[in-house]
Amino acid sequence: MNGKRDFLTIKDFTAYEIAVLLDRSADFKNGRAAGHKPLQGKSIGMLFYKTSTRTRISFEVGIYQLGGQPVYITQNDSQLSRGEPIADTARVFSRYLSGIVIRAFEHKVAADFAAYASVPVINGLTDTHHPCQILADLMTIKEKKGRLKGIKIAYIGDGNNVANSLIEGAAQMDMELTLACPEGYEPSPLILSGAGGRITVLRDPKDAAAEADVLYTDVWVSMGEEGSAAEKLSKFAAYQINEQLLSYAKPDCTVLHCLPAHREEEITNEVIEGPHSAVFDQAENRLHTQKAVMEMLVK
Ligand code: CP
Ligand code: NVA
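Below you will find a few notes about this structure. Keep in mind the model is a prediction, meaning the values are calculated, not measured. Starting from 1, residues in each chain are numbered consecutively following that chain's sequence as written. Chains and ligands are labelled by the order in which they are written, letters from A for the one and numbers from 1 for the other. pLDDT decides what is reported in this predicted model: residues at 70 or higher carry local features, side-chain atom pairs at 80 or more are listed and counted, and totals for whole chains, interfaces and linings draw on all residues regardless. For the side-chain quantities, the full set of heavy atoms in the structure was used; hydrogens and water were omitted.

A side chain of one charge can pair with a side chain of the opposite charge when the charged atoms of the two come close. Salt bridges, as used here, are contacts in which a Lys or Arg side-chain nitrogen is within 4 Å of a carboxyl oxygen on Asp or Glu. This structure, assessed with the given rule, holds 23 salt bridges. Where lysine 50 meets aspartate 127, a salt bridge forms, and the shortest distance between an N and an O atom there is 2.6 Å. Highlighted residues: lysine 50 in the loop between β1 (43–48) and α2 (54–65) and aspartate 127 in the loop between β4 (121–123) and α5 (131–145), separated in sequence by 77 residues. Classification of aspartate 127 as partly exposed rests on a relative accessible area of 36%. Of the charged contacts, one joins glutamate 273 and arginine 263 as a salt bridge, the two residues approaching to 2.6 Å between their closest N and O atoms. Linking glutamate 273 in the loop between α11 (269–272) and α12 (279–297) with arginine 263 in the loop between β9 (254–257) and α11, this pair joins segments that are ten residues apart in sequence. Salt bridges sharing partners connect three or more residues here, namely Arg24, Asp27, Arg32 and Glu295. Numbering of helices and strands runs from the N terminus; a helix is a DSSP stretch of H or I covering at least four residues, while a strand is a stretch of E covering at least two. Relative accessibility thresholds used throughout: buried, under 20% of the residue-type maximum; exposed, over 50%; partly exposed, between the two (1.4 Å probe, protein chains only).

Near residues are defined by distance, with any heavy atom within 4 Å of the molecule or strand qualifying the residue. Around ligand 1 lies a shell formed by Ser52, Thr53, Arg54, Thr55, Arg103, His130, Gln133, Cys258, Leu259 and Arg286. Residues adjacent in sequence count toward polar contacts only when both atoms are side-chain atoms; beyond that, a polar contact is any pair of N or O atoms within 3.5 Å, and within protein one must be able to donate a hydrogen and the other to accept it. Threonine 55 has a polar side-chain atom sitting 2.7 Å from an oxygen atom of ligand 1. Between ligand 1 and leucine 259, the relevant distance is 2.9 Å, taken from a nitrogen atom to a main-chain nitrogen or oxygen of the residue. For every accessible area listed, the method is Shrake-Rupley and the probe measures 1.4 Å; residues are considered covered only by the protein chains on display. Here ligand 1 has 250 Å² of accessible area as a free molecule, and 96% of this is covered by the chains. Buried and open spaces are told apart on a 1 Å grid over the protein atoms alone, a cavity being a set of points where a 1.4 Å probe fits but cannot get out and a pocket being an open set with protein on both sides within 12 Å along at least five of seven lines. Residues with an atom within 4 Å of a point are the lining residues. Those molecules having more than half of their atoms within 2 Å of a cavity or pocket grid point set are described as sitting in that cavity or pocket. Comparing atom positions with the cavity grids shows ligand 1 to sit within the largest pocket. Looking at the shell around ligand 1, its residues break down into two nonpolar, five polar and three charged. Basically, the charged four are Asp, Glu, Lys and Arg, the nonpolar ten are Ala, Val, Leu, Ile, Met, Phe, Trp, Tyr, Cys and Pro, and anything else, Gly included, counts as polar.

Structural data, given as structure tokens:
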């Protein structure tokens, strides 16, 4: 061990560290950290097995703003596509790069990459976790509500990677989170069992949304699940965030979506374009929070 730290799941940071990261993210956003270039002379690799808009651009821009050079490569245009092992790829990357962002299918690929890399590895989404997203979400909630502790979040829909990381984030920051998911689409039982008492999973979206400060949803069909799209869409019809569901939440409720959104599926156009929606602030905050993470981890 060389003392490097990875960010593979939200649990890699303590509640105190998350609070520090969110303060630092606000510094980046408000210009108080302008001109600070901790990545000067450093290159950061970005290995993506899946497509991306926000994660790719916010990391590339963030690395540039911190003085570094992003090096983007996909599985398809690397020797990974011809069978070069993760273990070799991770060790080779570590000889050129000061940090690595990875977006993969199985979480194990990111974990194995981190185990073999001698530089920090940051998870830019796997099938079971999306920790960078949740830091941006926490920042957005803090901006809108002034605090995190005690805030009531309702997550409506698929118990996917975003839901799993949201559970870990809410538990870490002492928030109340209720998830409404169709039967068979609940979040990871392992993650739930490690999350403590203020996380609840139930069936009825109205019960979850009742008196919520924040309503959150994500797509019903995640990347890699396209084969089961028809089956999922039929089971999720009642799990849409629309004006009616919004009426159960607090009048000043904030609506979040990690994007990309499928309008009229998990959320109506009216709500995502409406006055409660903070989805573009949320997307912007990916940039600020990831800069804070890289500043903390990359040496
Ligand atoms: N929210 C998010 O991670 O978006 P991308 O898939 O566009 O990176
Ligand atoms: N759950 C979605 C999130 C995309 C940012 C997916 O994995 O495709």
